[in-house]
Amino acid sequence: MKLNQSKKFILTPKPPFHFDGTFHKPSHFPNNLKLDDWESGKYWQSLRIGKRILGLKIVDVGTTAKPKLSVSIFYKGVLSPAELEGIKKEISWRFELDRDFGEFNALAKKDKRFYPVFKKWMGMRNLSQYTLYELLIIAVVLQNATVRRSQQMLDALIGKYGTKVEFDRRALYAIWLPEDLKVISEQELRDLRIGYRAKFIKRLSEDFANKKVDEVQLRTLDKENAKKELIKLYGIGPESARILLFEALHHYDIFDHIAPWQQKIYSMLFYGKKLVPTNTIRKDILKQYGKYSMLAVHYIWENVFWLRKTQKIDWLENEIRL
DNA sequence: CATCAGGGCCCTG
DNA sequence: CAGGGCCCTGAT
C-alpha cells in the first residue's frame, strides 16, 4: 500500500520532553518486518486509526525544555479535518504529550543514587505506539519464549496477515485488524509455528472483532479495574497485563509482578548482586518510587540498554537470551 | 541423539 | 493455590 498523500502539523509537548528516549527503546528487540523505525531526531511508524492504515513521521524540531514536534500523516484517498483532529488527539494520548511529569521529576531529584540517570533522560515517556489489540498480539508472542523465537513468531504473523505500507521513501508494516482473522482457522495460525498461542490469538481476535473489548473505555479505568479487565482476556495473565497497563494504558503505579528474567536484571541494576528475592526488590522499589515505580524502573532499565549499544555489559549479555 | 527451560497462562484437582 | 501441560527452538 502506497500512502502518497500527506498532511503536516506541529505539536508542542508539555516540557520537558526527551525525543530520542521516548521514540526509541533499546530494550525492545526489533523484528525483521518492522512496524516502526527510528534515527536520532526522527521517528516513523505505521498507524492504525480505526480501520484505517496511516503512516506517521515525527521529527524533533525543538529542545527538551522547549519541545516541538513536526508531525506528518501519510494517507491514501481523503483525510477529513475531523479525522485529522482525531489523529492529533490519538498521538497526544499515545505519546503522552500533555502529561505532567513535574511530580515524578521532583521525586527523581531527591534520588541520590539514580538522579544522573533521571536527569539524562528527563522528559522521556514510555512508548505506546500501538493499539491495544496490536500490543496484545506482541505480548502474546513474548510469552514463554526467548527473544529470537518471539521475533520469528511476530515476523511470521506479520508476513502472512500484515500489510506493507510505503510512505516517506520507507517501507514499514502494519498489523492486521482483529476481524481479518475471522476466516483464519486455529490450525492455519499454528502452521506459523506459534504453538499454543494460536488459540489465544484466535480468541482475542474474536473478542475484539465482536466488540467485547473497548479500548477507549479501558483508558478511563483506574489501575485496579483496568487490570481486572485485562486479566479477563483469554491468554492474558499478570505479566502480559503489566505490559499493557504500562505501555498501552500509561499506568505507572504497577510493580507487583516480576518475572524471573527481570528479577536477574533488577538484582544487578539495583543491588549489584546475582539474585535478590523478588519480595525485597518489590518492597524497595515501591518504598523509593511509590506510584511512579514502573516509570522509574523504566528509566533505569532503558538507560542500561542504551549503554549496551556502545559498550559491552557482560552480566547483561548473559541475561539476554537470544 | 535426548532432554530441557524459556520475555506465561490455562486448567484441573 | 499448587502443579502439570503446552508449541517450538536453541542450548547442553
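Residues numbered from 1 in each chain as written. Chains lettered and ligands numbered in written order. Predicted model: local features only at pLDDT ≥ 70, side-chain atom pairs only at ≥ 80, totals over all residues. Heavy atoms only, no water.

### Concerning the pairing of strand E6 (residues 163–167)
Successive residues of a regular strand alternate their side chains across the two faces of the sheet. Heads up, the rule is: DSSP calls a pair of strands paired once it identifies at least 2 bridges connecting them. In this description a helix means any DSSP run of H or I spanning at least four residues, a strand means any run of E spanning at least two, and both kinds are numbered starting from the N terminus.
Two elements, E6 and strand E7 (residues 170–174), share five bridges in a ladder whose sense is antiparallel. Bridged to Val165 within E7 is Leu172.

### Examining the domain arrangement of chain A
To be explicit about the condition: For the domain bounds, the source is a domain assignment made automatically or taken from a database. The contact definition used throughout considers only heavy atoms, calling two residues in contact when any of these lie within 4.5 Å. Reported buried area values correspond to the accessible surface (1.4 Å probe) lost by two parts on association, with both partners' losses combined. The rule for a salt bridge is simple: a side-chain nitrogen of Lys or Arg has to be within 4 Å of a carboxyl oxygen of Asp or Glu. We call two N or O atoms a polar contact when they sit within 3.5 Å, provided that within protein one can donate a hydrogen and the other can accept it, with sequence-adjacent residues counted only if both atoms are side-chain atoms.
What the domain assignment reports for chain A is domain 1 (5–109) and domain 2 (132–247). When each unit is reduced to the centre of its C-alpha atoms, the spacing between domain 1 and domain 2 is 21 Å. Counting residues at the interface gives 24 residues for domain 1, matched by 22 residues for domain 2. Here domain 1 meets domain 2 over a buried area of about 2,100 Å², counting both sides, of which 59% is carbon and sulfur. Looking only at domain 1, the three residues that lose the most surface to domain 2 are Leu33, Leu35 and Arg48, adding up to 29% of its buried area. The interface formed by domain 1 and domain 2 includes five salt bridges. Counting the contacts that link domain 1 with domain 2 gives twelve residue pairs in polar contact (both at pLDDT 80 or more). Mapped by element, the contributors of at least two residues to the side of domain 1 that touches domain 2 are strand E2 (36–39), strand E3 (42–49), strand E4 (52–60) and helix H2 (81–94).

### Observations regarding helix H5 (residues 132–142)
Note the cut-off: Relative accessibility thresholds used throughout: buried, under 20% of the residue-type maximum; exposed, over 50%; partly exposed, between the two (1.4 Å probe, protein chains only).
H5 sits mainly inside the fold: ten of its eleven residues count as buried. Turning to H5, the residues buried within the fold contact E3, helix H6 (147–161), helix H8 (197–209), helix H9 (215–218), helix H10 (223–232) and helix H11 (238–247).

### A few points about the pattern of salt bridges
Inspection of the entire model under this criterion finds 21 salt bridges. Taking the shortest distance from any N to any O, the salt bridge between Glu90 and Arg219 comes out at 2.9 Å. One end of the pair, Glu90, is in helix H2; the other, Arg219, is in the loop between H9 and H10, with 129 residues separating them in the sequence. Its relative accessible area of 16% is what places Glu90 among the buried residues. Its relative accessible area of 19% is what places Arg219 among the buried residues. One salt bridge connects Lys212 with Asp207, and the closest N-O pair in it is separated by 3.9 Å. Given the relative accessible area of 62%, Lys212 is considered exposed. Judged by relative accessible area, Asp207 falls into the buried class, the value being 15%.

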